Each structure stands twice: as C-alpha cells, then as structure tokens.
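# Residue-level structural notes
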Amino acid sequence: MASDALKKVQNKLFRGGPSDSQPPQDREPALTIEIPKPPPIPTPPPKLGKSSDSSPKDTAEAQTHRQRLAQQLGGEYQGAEKYRLFQDGKKDKHWKRWGPYLSDRQWATVREDYSADGDAWSHFPHEHARSRAYRWGEDGIAGISDNHQRLCFALSLWNGEDPILKERLFGVTGHQGNHGEDVKELYYYLDSTPTHSYMKFLYKYPQRRYPYEELVAENQRRDREVTEYEILDTDAFDQDRYWDVFVEYAKDADDPDSVFVRITTYNRGPDPATLHIIPQFWFPNTWSWPIDKPPMPSLTGSVRGPDDNQVGCITARHPSLGKTHLYCLPSPPPVGASTNFEVDPDLAAVEPQLLFTENNTNFSRLYGGTNETLYVKDAFHDHIIPGHRPPVSESREETFFSPRIRSRTASSFGTEAPNVPESGPCTPFPPTPTYVNPEKKGTKAAAQYVFSDVPGKGGCAVVRLKITPARLGKDPTLEDEVLFDDAVEERRQEADEFYGMTMMGPISDDLRQIMRQALGGMLWTKQYYRFIQKEWIEGDPGQPKPPPERKFVRNREWRHMHIEDILSMPDKWEYPFFAAWDTAFHCIPLAVVDPAFAKSQLDLLTREWYMKPDGQIPAYEWNFSDVNPPVHAWATFRVFKIERKLTGKEDLPFLERVFQKLLLNFTWWVNRKDQGGNNVFEGGFLGLDNIGAFNRSEPLPTGGTLRQADGTAWMAFYCLNMLNIALELAKHNPVYEDIASKFFEHFIFIADAMTYKEGDDEISLWSDRDGLYYDAIEFGPGNAMQLPVRSLVGLIPLYATLVLEPAVLNRFPGFKKRVEWFTNNRPDVSARNMANMKVGGKGQRRLLALASKERLVSILEKMLDEDEFLSEHGIRSLSKKHKEHPWGMDVNGQRYEVGYWPGDSKSGMFGGNSNWRGPIWLATNFLLIESLQRFYQYYGDDLQVECPTGSGDYMNLVAVAEEIQHRIIHIFGRDMEGRRATNGGNAKLDHDPHFRDYVWFYEFFHADNGRGLGASHQTGWSGLVAYHILQSGASCRLPKTPKTPRGIAHHYFDDVADAVSEAGDDAKSAYSAYADSVHTLGDLSPDAL
C-alpha cells in the first residue's frame, strides 16, 4: 500500500480528493484543462514507493520555488514564469534553449527533396523516413531539442500489432489525399509556457493495427466532392481500444538545461493490453554530407547507482553542446483504476532496455546498396518487432539469424502479410546476433519499456526520465519519485499562475480552456528551421550530385538565404515551414504571452539572410518568390502596441529597425507590382489561393491585365501602417515626420487609383450598381471589364483605415501642413474615394480610408447579410449568393467559374488543400474586425447599421465587430448540448469524456456549420481566437442562444475622459474594458489599435 506521503502527492497531482493532511479548502482548484477522468476514481501516476520519509517535501518548512522567488523579489514579483522570461531576455539564463523545436513532419518537405522534377512527396515518402537520415531537420512525436537542434528527444511506441514502430505522425501526401496532404492521427498540444518550463501533449494510439493502407487507399479513391477519410472513420478506435499517452516536460526550477519527462499512459479499452514505450534520444546526422567529417558526437549507455536503486543512463557528448545525460528511471508495474492505482510491492519494477544504433541511412533496405555502418537508423524497428526477423534455422542457435532467408521488413505498405518473404532489397542480416549495437554506443539511442497486460478501463503505466548535465548523486529527484513528481507539479502550478494573470475578466471555464490550448499550441508549434540555399541547390560534397534540372525547379534566385532559427510554423505537420503572412498573424496572440518571441519573428523576416537585397520578403519554401499580402508593417506595429499596453514598455529600437527594412520592401512592391505606375497593384497570388475564376499567379487566358481590387487595397493598408509607424517614431525623431508625409501622399494616390484613369477614360474597381469593389481585366485603353464576384476582394478595401487624432496633427505641424495642402489643393484626389479629411468625426478626429461613408454602408449591407457573407461563425470568404448564381465565363472552349463552396475545395488549384470560395478564415476576419473598430473611432454612435441585414437590429460599428468576434468564438465554444461546431457533429469528439475538453485549431472553417477544415492541428493563425476571447470573451453568449442587449460593448466607449492619442499623450484612455487596469487588451482606443 502507498504511504500517506505518497497518497498526499497523488491527491495533489491529480485532484482525486483531499488527503488526510490537507483539507479541501486549502487546495488549489483543479483546472478544466486537466485530463478528463470519470469520477470518482482518481488517476495518479503510480510510483515504486522508493521515496524517503525524510524527503524535504514532507516538512512543513519546505517552500515552493514560487514562494522562495516571491520572498526574493518582494513587490516586484509577477510570477515565476514572467521572471524566467525576464532572465531569458537579460541573457542571465537561457530558458528557451530546450523547447518543442522538432518538426511533426520532416519527410516530403522541399528541403529534403533532391529530385529532378521537384516532387517532394514522392522523393522522400513516409516509408523512407524511418530508414533514411534527414539532411535539414528532424521530426518526432511530442519531440524537443536544443535551439540549434544538436540533440533531440521524442516519443515512440509499439502496440504489438503494427508493422513499424510509431515514431512519427502519419498522413496522406498531396498526391494521395482527396483535398491534398492531411495528417491522419489524433493528438493535441495541451499546454505550454513561453519558456517551455512546462509543456503537455496528448497522443491517442490505437491498440489495433494502425490502418495505414486503408487510409491511403480510401482517400485516393474519394474525389473532391466527398469529405476526407479520417482515422475515426476506420475501426481503429472502436470499443475505445486505444491508449491515451500524455507527455509532460518540466524544467528544473533553477537549471534551464535540466528537463523532467513524464509519460503517463491510460488503457481506455475494455481489456488488458501490452504497450511498448520507447523514448528516443539522438543526434541529427551532420556527418554524412561533407567530405571531411566533422568531430563526431557520441551516445553511450551505462547503469548507475547502488545495486538497490540502479538507473539506466544514456550519456550524450557533443563538441559544442557538451555532456548531457538522459536518466531512464525504473517504472512501477502497470496498475488498474479498480485498485485505486496502488502498486503491488511484490511485483518487479519495469526496467528499460537501452538500445543503440547509428543515425545513418539504411542504403541496403532502400536502394540495395552498401551501408556505411553495421547499425543503421531503422534498427529499433528490426530489433523490437518480431515480424522483421527471419525464421531461425533448426541447425543454428536462436541467437543467430539465417543469412539465406529474408523476411518482409515493412519497408513499404502493401497487402502482403508481414511474415511473407520479401522480394527486393532489405536489411542484410547482421553478422552479430542483433540489429542494435551490443557495445551500447552510437548516435541514436532508445530506452525500451515493456508494460505487459496493462488493465483495461483506465489502467495506467508511467515512465519517468530526466535530461540533465547533472550527475546521479547530485540530483535527488533521480532517486525520489515524490520529488520528481513534485517538480513537475510545481511547474504546472506556475503555468496556472502565468495564464491566470493573462486571462482577465469573467471568462467562462470553457473559453479559458480554449484560450489556453490555443496559446499553448502556438508555443508548441515552434520549430528549428534550417535552410542554406547554396548547399541545398548545389548538393553535398559527400553525396552524389543532384540532377542538373533541379536547379531550375524552385528558389534558384534566393542565393543569399542562410536560415538556422527557431520559427513559428503554420502547422508542424501540414506546413512545417514558415509562411511570411501567416507569421504576421501568429505574432498577435504570441505577443500576449511572449512579446520578445513575437518581435523576433517579425525582425527575422526582414534580416539580410531572409529578405532579398531588392526588398522582397520570402513567402514559403515551395516558392519563396510567391507574393503574400503585405501585412508585416501592420503586425509589427500591433505587436509594439500590445507590448506597450500590457507591460508599459516601448521597444522603439525594434520598431525602427523593422521599419527601415520595410521601406525596402515597400519600394519592391511599388517597383515590381505596379507595372503601369498608376498605383493599381496586380499582386499575383496574394495568399487567397483560388478566390478568383482565374489563377492570379499566371497570365490570364483572356489576355489583358488583371487589376486587383484587393492587391491595391493591401497596398493602401500597407501605406497607412507605415504612416502610423512613422508618426510613432516622429515622437522621438523629427526626421520621420517627413516620411509620414510621404506615406500620406502615397496613400492618397492609391486611394484615387481605386477609380483610376487611363488617358481620357476612367475605369473603376467600384461598382455603383452592386455597391462592392471588384477586380477588373484591362484589355487596353478604355477597354476593361469588371469581374462581378462577391468575395473578400470586395471587403479587403475596408482594411485600409486609419484614424488621426487632433493631437497628432497639432503635435506635428509639418505633417499637418502637408495634409492641409493636399486637401485644399487636390480636392479631386483627396475627396473622391476616401473619407473627407476636412470633416471631423467623433472628437474631431480625421479619417483616412479607401471607403467613404456611403461606400462603407453599402459594403456592410452585403457583409452583414446572412444570405451573403455573414455566417453563424464569422464572415464568409465568398458570398452565399454564388451558390445559386455562380459567375463564370468561357474562354477558348474552357469554362472558368466561381461558385459557392462552403467546405473543402472542389478544385486542384494550389494543391486543392485550401479554399477561399466560401469558408471562414480567422486571419481575414481579424482584420475586418479591427477595421470596424477603427471606423467606430471616427463615426461613433452616429453611424448605426443593421446587423444582421434585414433583422431590424441596428448597432454601432464596434458592436458589429464584437458580434463577429462572438460568432468566431462560437466555432470552438461548447453549446447548450455540449457540441462544438468545429467538431462537425462528431459525437465522440463532442461527448466522450476523453475527447470533449480538447480542441483542434483548424486552418479554416465550413461557412455554414463551422466544421474545421484544412490543416487540423494548431494552424497558427487560428490561434487568433485566443485574442478574441481576451478582448470580448467576457460578454460572449453561448453558441445558439439569443443575443443579449446591445449595450454590452459600450463600456469600452463611455465618454468620460479624453482618449489616448496616436501621438502618445498622457490623457487616460476612455476605451478600457477594465477601468482599473491599464494592462488589458479590452482597450479599443486609437492608441491601442
């Protein structure tokens, strides 16, 4: 039976009920983000009971790290995690050295593609990944590494049924999926602090054979009209025969290089089952590529400690990282929920078997060649899985393999049974009795824990490991499981403290949980990204030369690129590479929890090893030269303002440094994308994929030039953000006042270009008949046609909006004089397409905008119409009107058409894995919401619009913005019946106690029902929902319930004080959601926006 001390720790860890020594009122409440457990049975991690009775944690005098830190800092204490961020920022301690920097998928990436035709999916498929060394990065399940990816750690598993170990996430490729590539696994990023002092991950692993072949075959069979075939559509999870595998990481209180690892697994099935837990520890292969081999790292295995308490140890030695140990503690035997997770003292501990090999390609298996070393990358598969081994000859001892028979080694997925002899190359049988190195050394290692007959219905097995440079006798947590678990629990409590300080206001538990998973997931989706263009395109001296055609496939002109950084990924499986405009949106919620990291992302993309000398910012690795919307200036100023609002700190060097580089980028846009010099921008791809009838990255089949309303609007938006930054910098350096004037003038001409002139003929991108902006094809002077597609193209002009405070104009007389000169001397330009600068709005503010009041009202009439753009879950990317009335035209016998597709794409354009012809995208909705908030600053309550159109319910524009925010939150929030729209009606996801509290943050969402679509696991910009919850979650009603009175939003805008101006005057803002605190994102003042 467990001791009272153990019971105390178990109850503290898992909230199973009060311990005898700790009354309930003294305990911290459980978090909803915790593992959902069927009451009343607790689920503590079992222990061997080796803790000492004199453990410091058993004394009343013991203090937690938070208590010690609070005593040390006194009134300056703001939380343990914030202090770590402070230490990391001052470079006192490198708290971010270790983090979740492994990719979820390195195979089939552009960087690993050395083919002649650029077909990355075929050149390096999933079935090669276990046998072939990566060149440019590493992947794994719940993996971590140091920030230069010199040493990696990740989870692998085996259920006794699969033909391969589960050591990386599986999905269909771009060729196999009916809507492009798609991961086919169930996993969740549950929690992370900004320094990764605490992280939590959940993977759901089937006990049946994983249906690799079925998933590929069925998805290939389906066409684009059908939904994708997912893992829950197979029988893999029937009868709940699966494992919940929770992985937690926690750093030592004072040592950023020491990381606790706890892997806790639960058998959710009805019957006992066996599970192999095989954490892996390895060096990326850096030695196979050059001719002159670099100094080699090494891993060696040993058993340390006294005879009655021995611990397996893997020691890593690296030329620049130094010496690090992975201690693999013995595990208690599996226990059942029915025994209250008590460990039978008569049962032996589960001791790990340490395995070693080399992280080298298995040339023999893949290509029929000769291996460089006896032991290769896929050795653990061959060693652990009996089906990989040949039958033993009767005339030989069992320890030797027969050299005459080769068994199938599952090097590809086929229909043959695993024990059928394999034709073609496979691993030659080693001259030694094992596939792994018996000398326990190599560059890749694993600790194999085998848990036999784990009881069903919640039976538990746990593995504890620690990565640390410390020696065994110097670290008591390696000898006392209570201390080990206490350290993990302290970090979890510090994470609670950190997020508790972030989430202000009366936000519901469900929304708090969604926000925490969103922010935690965004912190999990950091990745070490390495790309050196010269080495990549020329090939490696130590390898065969790549095909010469490869140099002309992609990215040839980006010769300056040399990237080795930690970057925020859109999705570490589907998009394991940075995308410039995605990154801009990632940085908004990231700035709430880690402004330093958000700023570093924006800064990096403008550095000389990313940005081309001509000023172009790289788009993404499939084609760095593609053009994404110019949102970098907006994100830079928003992050600057968020940090100032939350911390009071103004990082002017960051703002000025990025602004100077963006001057180059702005010039690139003007020179390269405004070919006619008339301020109408073509843009090209512009990130909206298939939104038009034609592929906007290619020449038009009709001939002529596409004049893009959104391309021109994006540049107007860019102009206003550069103007805004220049005014901020002018407060400290008057030189920037002239630059602000320049951007004001440029904006005026771009605004005018929305109704542009060609000779004596005026052609407009605005349709007076429809009250929307449209693209137009110009065939020649005076010969053009509008493309009447009601899409985001017509809404994006609303983004270009800026409110100028009277204090700004008064503070900068040169700028004011220039503005007045323009409005007085060029009325034909300054008053035609933009709000009149002579007419003051609320508080005598001035408005710069593409849309006049009349045009704004006309656009909003369509945007807020539930039969057009307004959905229950946000603003659609294409009007629903096109469902019954698609628009198209015939060109040279081919039909080009745009119809309303609320779900997945029905076209193969841009890979077919995203769709802008109807679905809801959080990034574009976010900018619309902010635009409405800015319009309100000018028009105030004088402008009321009907929302929804035809409802008879009139509201001001900030109330409209809040209504859209709430509809977006409703995608993720639980309704009265316990359903989440994003789950698409899946009863298991909505109601199963082991699923219902977890949320996926998809790439985009079905326009009519909110179902998640596209990349499914923490697509970065969908993390913007966390910002919406912070800003308006306190007033958000439950989904599918009546709206409350519209007075809710007015507490933001009570006219009780002067607003803080763009010029930074010290007057108190009247726009704070919480009047008692200046550190809130509820502030919608001009200064905050």
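Residues numbered from 1 in each chain as written. Predicted model: local features only at pLDDT ≥ 70, side-chain atom pairs only at ≥ 80, totals over all residues. Heavy atoms only, no water.

### Focus on the overall build of the protein chain
Per the secondary structure count, the protein chain includes 26 helices and 38 strands. Out of the 1089 residues belonging to the protein chain, those deemed buried represent 65%. Residue pairs at least 24 apart in sequence account for 71% of intrachain contacts in the protein chain once pairs closer than 6 positions are excluded. Approximately 38,100 Å² of the protein chain is accessible, and the part contributed by carbon and sulfur atoms is 49%. (Helix = DSSP H or I, 4+ residues; strand = E, 2+ residues; numbered from the N terminus. Buried < 20%, exposed > 50% of the residue type's maximum accessible area, 1.4 Å probe, protein only. Contact = heavy atoms within 4.5 Å. Areas by Shrake-Rupley, 256 points an atom, 1.4 Å probe, with all protein chains shown as cover.)

### Some remarks on the sheet that holds strand 19 (residues 459-468)
Read across the sheet, nine strands follow the order 7-8-9-10-19-15-14-13-17 without closing on themselves; strand pairing throughout is antiparallel. Because the sheet does not close on itself, it has two edges, and the strands there are strand 7 (186-192) and strand 17 (441-442). When strand 14 (residues 311-318) meets strand 15 (residues 322-328), the two strands line up antiparallel, connected through seven bridges. Bridge pairing in strand 15 links Ala316 to Thr324. Contacting strand 7, strand 8 (198-206), strand 9 (242-251), strand 10 (259-267) and strand 19, helix 9 (residues 481-502) runs over the sheet at an angle of about 95° to strand 10. (Pairing = 2+ DSSP bridges. Axes fitted to C-alpha atoms, helices over the stretch in contact; angles between N-to-C directions.)

### Some points on the pairing of strand 10
Judged by how many residues are buried, strand 10 sits mostly within the fold: nine of nine residues are covered. Burial along strand 10 is two-sided: the residues Val259, Val261, Ile263, Thr265 and Asn267 and Phe260, Arg262, Thr264 and Tyr266 are all buried. As defined by bridge partners, strand 9 adjoins strand 10 across nine bridges and the pair is classed as antiparallel. What sits directly across from Phe246, in strand 10, is Thr264. Inspection of the sheet shows strand 10 paired to strand 19 by nine bridges, in the antiparallel sense. Residue Ile263 lies in a different strand from strand 19, and its bridge partner there is Val463.

### Quick word on the nonpolar core
Tyr249, Phe578, Phe747, Phe815 and Met863 are the most contacted members of the largest nonpolar core, which has 270 residues in total. If one sorts the elements of this core by residue count, helix 16 (residues 709-730) sits on top with 16 residues. (Core = buried A, V, L, I, M, F, W, Y, C linked by side-chain atoms within 4.5 Å.)

### Side note on unusual backbone geometry
Cis rather than trans, the peptide bond between Cys947 and Pro948 has omega equal to -5°. The topology assignment puts Pro948 in the loop between strand 35 (945-946) and strand 36 (954-955). The backbone of Ala108 shows a phi angle near 60°, a positive value even though the residue is not glycine. With respect to the helices and strands, the residue Ala108 is situated in the loop between strand 1 (98-99) and helix 4 (120-123). For Ala108, a relative accessible area of 1% puts it in the buried group. Within the chain, Asn555 stands out as a residue other than glycine whose phi angle is a positive 60°.

### Description of the environment of Glu342
Structurally, Glu342 is set in the loop between strand 15 and strand 16 (353-357). Separated by 296 residues in sequence, Glu342 and Pro46 have C-alpha atoms that sit 6.9 Å apart.

### A short note on the environment of Leu169
Mapped onto the elements of the fold, Leu169 is located in the loop between strand 4 (157-158) and strand 5 (171-172). For Leu169, a relative accessible area of 1% corresponds to the buried category. For the pair Leu169 and Asp104, spaced 65 residues apart in sequence, the C-alpha to C-alpha distance is 6.6 Å. Setting aside residues no more than four positions away along its own chain, Leu169 makes contact with Asp104, Trp107, His126, Ile141, Val183, Glu185, Tyr187, Tyr203 and Trp573.

### So, the packing of aromatic side chains
Evaluation of the coordinates by the stated rule reveals 60 aromatic pairs. Through a chain of ring-to-ring contacts, the aromatic side chains of Trp581, Phe585, Trp634, Trp714, Phe717, Tyr799, Trp916, Trp921, Phe926, Phe1004, Trp1021 and Tyr1027 assemble into a single cluster. In this structure, Lys166 is placed above the aromatic ring of Tyr210, and the distance from its NZ or CZ to the ring centre is 3.8 Å. (Phe/Tyr/Trp six-rings, centres within 6.5 Å; stacked < 30°, edge-to-face > 60°. Lys NZ or Arg CZ within 6 Å of the ring centre and 35° of its normal.)

### Description of helix 24 (residues 957-972)
The terminal C-alpha atoms of helix 24 lie 24 Å apart, and with 16 residues this matches the ideal 22 Å at 1.5 Å per residue to within 8%. Where helix 24 starts, the residue carrying a side-chain oxygen 3.2 Å from the main-chain nitrogen of Val958 turns out to be Asn956. (Expected span 1.5 Å × (residues − 1). Polar contact = N/O pair within 3.5 Å; in protein donor to acceptor, adjacent residues only side chain to side chain.)

### Digging into the side chain of His65
With respect to the helices and strands, His65 occurs in helix 2 (residues 65-73). Dropping the residues within four chain positions of it, His65 is found in contact with Ala80, Arg84, Ala253, Asp254, Glu490, Arg491 and Glu494.

### Focus: the sheet that holds strand 28 (residues 783-787)
For sheets, the rule is that strands pair by backbone hydrogen bonds, running either parallel or antiparallel. Taken in spatial order, the three strands line up as 22-27-28 in an open sheet, and their pairing is antiparallel. A strand with exactly one partner marks an edge of an open sheet, and here the two such strands are strand 22 (705-707) and strand 28. Along the sheet, successive strands turn relative to each other by an average axial angle of 25°, direction set aside.

### What about the pattern of salt bridges?
Taken as a whole and judged by the stated rule, the model has 65 salt bridges. Note that Arg554 and Asp113 form a salt bridge whose closest N and O atoms lie 3.7 Å from each other. One end of the pair, Arg554, is in the loop between helix 11 (533-538) and strand 21 (562-568); the other, Asp113, is in the loop between strand 1 and helix 4, with 441 residues separating them in the sequence. Side by side, Arg554 and Asp113 carry an identical accessibility label, which is buried. When the shortest N-O distance is used, the salt bridge between Asp540 and Arg135 registers 2.8 Å. Taken together, the residues span a long stretch of sequence, with Asp540 in the loop between helix 11 and strand 21 and Arg135 in the loop between helix 5 (126-129) and strand 2 (141-146) at a distance of 405 residues. Per residue, the accessibility class of Asp540 equals that of Arg135, and both read buried. Because the salt bridges share partners, they merge into one network encompassing Glu81, Arg84, Glu490, Arg491 and Glu494. (Salt bridge = Lys/Arg side-chain N within 4 Å of Asp/Glu carboxyl O.)

### Regarding a positive patch on the surface
Residues Arg317, Lys323, Arg471 and Lys474 make up a contiguous surface patch of positive charge. Looking at where Lys474 falls in the secondary structure, it is placed in the loop between strand 19 and helix 9. Residue Lys474 is classed as exposed on the basis of its relative accessible area, which comes to 68%. (Patch = residues over 30% accessible without salt bridge, like charges linked within 9 Å, V, L, I, M, F, W, Y side chains within 5 Å. Lys, Arg positive; Asp, Glu negative; His and termini not counted. Charge placed at Lys NZ, Arg CZ, Asp CG, Glu CD.)

### Focus on the pairing of strand 33 (residues 887-891)
Along strand 33, four of the five residues are buried, which leaves the element largely enclosed by surrounding structure. Note that strand 33 and strand 34 (residues 894-898) share five bridges and pair antiparallel. Pairing of Asp890 across the sheet is with Arg895, part of strand 34. Two successive antiparallel strands, strand 33 and strand 34, enclose a turn made up of two residues, where Asn892 displays a positive phi of approximately 50°.

### Comments concerning the packing of helix 22 (residues 853-863) against helix 23 (residues 922-939)
Orientation of helix 22 relative to helix 23, taken along the N-to-C sense of each, is 140°, at an axis distance of 13 Å. Considering the angle they form, helix 22 stands oblique to helix 23. The two elements helix 22 and helix 23 meet at a crossing, and its hand is left-handed. Contact residues: helix 22 offers Lys853, Leu856, Leu860 and Met863, while helix 23 offers Leu928, Leu932, Phe935 and Tyr939. (Parallel < 35°, antiparallel > 145°, perpendicular 65-115°, else oblique. Left-handed = near helix turned anticlockwise from the far one by under 90°.)

### A short note on the side chain of His318
Relative to the helices and strands, His318 resides in strand 14. A residue is classified by how much of its surface remains accessible, and His318, at 19% relative accessible area, is buried. A distance of 3.1 Å separates a polar atom in the side chain of His318 from the backbone nitrogen of Ser320. Leaving out residues up to four positions away in the same chain, His318 has contacts with Arg150, Phe283 and Pro297.

The values are spatial; any link to function lies outside them.
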